Each structure stands twice: as structure tokens, then as C-alpha cells.
Amino acid sequence: EAGVAQSPRYKIIEKRQSVAFWCNPISGHATLYWYQQILGQGPKLLIQFQNNGVVDDSQLPKDRFSAERLKGVDSTLKIQPAKLEDSAVYLCASSLDFNEQFFGPGTRLTVL
Amino acid sequence: AQSVTQPDIHITVSEGASLELRCNYSYGATPYLFWYVQSPGQGLQLLLKYFSGDTLVQGIKGFEAEFKRSQSSFNLRKPSVHWSDAAEYFCAVATPSGTYKYIFGTGTRLKVLA
């Protein structure tokens, strides 16, 4: 069974630029999560999708972050414009139910 | 508000020694509880989980955890640590209502001495 795929694995941008991350969840998983993991901290949930509907985006900085889930499968997370404090690893996870989340390898973003 | 506390940022143990990583949570009822491990450059992998029933749960890689309701704790243990266990360990809770929102602790980085 293929795992959660994410790309790119690494990205370096200048502040005020925009960036997008892509996630392909495990086939059949209805729930998809995006987390931000700042160095030295635990993952923080940014947004949770159930199929292609948003069920929780309370911690998403909506003035600069946006996310969508196309046809209830792939998802993209965008930052526009990026700030220095957005430097982090962005993790995507998917789950069939609440029992277990399966995580992708993450995208490490560096904002200079 | 719900929260998860991992009081130990770093722990160093010798290979073959026993290990206990602490986790305390704050929630009005019993949440769902998880331990994840993250190796460098990798995503998180589930070690074990507790929803209800037997308070001692077994996981992968020889890990176990015990839920203690009176202490709001879910500590992770391993009787004999291997060098390959060096990683970062995260405790997480999921609040069993609606969307099962997950909250992660800040992690404990484990170093294993040969």
C-alpha cells in the first residue's frame, strides 16, 4: 500500500514570495490533515478536510495561508506571501477514521 | 482548553537500559491517546494508541504505554532500549467529539548511548 506522498521535500524562498505544497493521501482515506511543525515543537494542525469539505481550519492564518482538496483526493497548501516565521516542516496526513493518522515525509520550508 | 505536556525535552539512556517517557494531558473527559515516533527527515509513525479498556497497551517495536486516569498520564515505556530507538517521540490526544481534533505535545528527543 502506497503511503502519503508530499512534494516538494525541500523549498527555500525569500520572504514575501509565494509557495505551494502538494499532498496525495492514501487511496480511500476520506480525512486529510495539514500540520505545521516548527523546529523544537510538536505538529500543529492547520486544516482538516473530510472528503473535500473543511471541518477545522481554526488555526490556519487565513490572511496568508489557503488550502484546497481537489475532488476529495489530492490537496494543496499555499502560503502567499511568506514570512520568516513560516519556516517549518509542513506535514500532510490522512486517515480512514480517527483510529490512526498516516503521515507523509513532510516538506521543509526555509524562508530567507 | 485541551493540552498535552511532555515535561522532558531531551532524554539520554544507555543501550539496553529501560526507558520511560512522560506525557500528561488536560481534558475534561478521557481523550483518545497516541504515541508517535519521528526519525530524522521522516514523517511520524504511530507506536500505539489507547481508546478504552485495558489501561496497559502494547505497541510496535517493543513499546508499551499505561493510561492512568487519576494522574491524567499516558507514559511510554520500553524495557530495553536499542540504538535504533534514537528519535523524537510525540504524545498526542484526540478529543472524541465531532472532528476528533488532534493535539500534539512538544516532543521528547531520545539519545541512546552505545
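1. Comments concerning the nonpolar core
Right, on to step 1. Leu19(B), Trp35(B), Leu47(B), Leu48(B), Phe74(B), Leu76(B) and Tyr89(B) are the most contacted members of the largest nonpolar core, which has 27 residues in total.
Right, on to step 2. Listed by contribution, the elements that provide at least two residues to this core are β2 (10-14), β3 (19-21), β5 (32-38), β6 (44-50), β8 (64-68), β9 (73-78), β10 (87-94) and β12 (108-113) of chain B.
Right, on to step 3. With four residues, the top contributor of residues to this core is β10(B).
Right, on to step 4. Residues in contact with Leu47(B), not counting those within four places in the same chain, are Trp35(B), Tyr36(B), Val37(B), Gly59(B), Ile60(B), Lys61(B), Phe63(B), Leu76(B) and Tyr89(B).
Right, on to step 5. The next biggest cluster of nonpolar side chains, apart from the first, holds 21 residues, and it includes Ile13(A), Val19(A), Ile26(A) and Phe65(A).

2. Brief notes about the pairing of β5(B)
Residue and element names in this part refer to chain B.
Right, on to step 1. Within β5, seven of the seven residues are buried, leaving the element largely enclosed by the surrounding structure.
Right, on to step 2. Residues of β5 alternate between two faces, with Tyr 32, Phe 34, Tyr 36 and Gln 38 on one and Leu 33, Trp 35 and Val 37 on the opposite face, all of them buried.
Right, on to step 3. Bridging between β5 and β10 involves seven bridges; their strand directions are antiparallel. Residue Leu 33 lies in a different strand from β10, and its bridge partner there is Val 93.
Right, on to step 4. Strand direction decides the pairing type here: β5 and β6, joined by six bridges, are antiparallel. When the sheet's bridge partners are listed, Val 37 is paired in β6 with Gln 45.
Right, on to step 5. Taking the residues between adjacent antiparallel strands as the criterion, β5 and β6 are bridged by five residues, where Gly 41 takes a positive phi near 75°.

3. Some details on the interface of chain A and chain B
Right, on to step 1. At the junction of the two partners, chain A supplies 22 residues and chain B supplies 19 residues.
Right, on to step 2. Counting the surface lost from both chain A and chain B, the interface buries some 1,700 Å², and carbon and sulfur atoms represent 54% of this.
Right, on to step 3. Three residues, Phe98(A), Asn99(A) and Phe103(A), lead the burial of chain A against chain B; their summed loss comes to 32% of the area buried on that side.
Right, on to step 4. At the junction of chain A with chain B, the criterion picks out zero salt bridges.
Right, on to step 5. At the junction of chain A with chain B, the criterion picks out two residue pairs in polar contact (both at pLDDT 80 or more).
Right, on to step 6. Elements that contribute at least two residues to the side of chain A that touches chain B include exactly β4 (31-37), β5 (44-50) and β6 (53-56) of chain A.

4. Quick word on the side chain of Thr76(A)
Residue and element names in this part refer to chain A.
Right, on to step 1. You can see Thr 76 is positioned in strand β8 (residues 75-79).
Right, on to step 2. Here Thr 76 falls in the buried class, since its relative accessible area comes to 17%.
Right, on to step 3. The contacts of Thr 76, once residues within four sequence positions are left out, are Phe 21, Trp 22, Trp 34, Ser 66, Ala 67 and Glu 68.

Cut-offs used in this document
Residues numbered from 1 in each chain as written. Chains lettered and ligands numbered in written order. Predicted model: local features only at pLDDT ≥ 70, side-chain atom pairs only at ≥ 80, totals over all residues. Heavy atoms only, no water. Core = buried A, V, L, I, M, F, W, Y, C linked by side-chain atoms within 4.5 Å. Buried < 20%, exposed > 50% of the residue type's maximum accessible area, 1.4 Å probe, protein only. Helix = DSSP H or I, 4+ residues; strand = E, 2+ residues; numbered from the N terminus. Contact = heavy atoms within 4.5 Å. Pairing = 2+ DSSP bridges. Buried area = accessible area lost by both parts, 1.4 Å probe. Salt bridge = Lys/Arg side-chain N within 4 Å of Asp/Glu carboxyl O. Polar contact = N/O pair within 3.5 Å; in protein donor to acceptor, adjacent residues only side chain to side chain.

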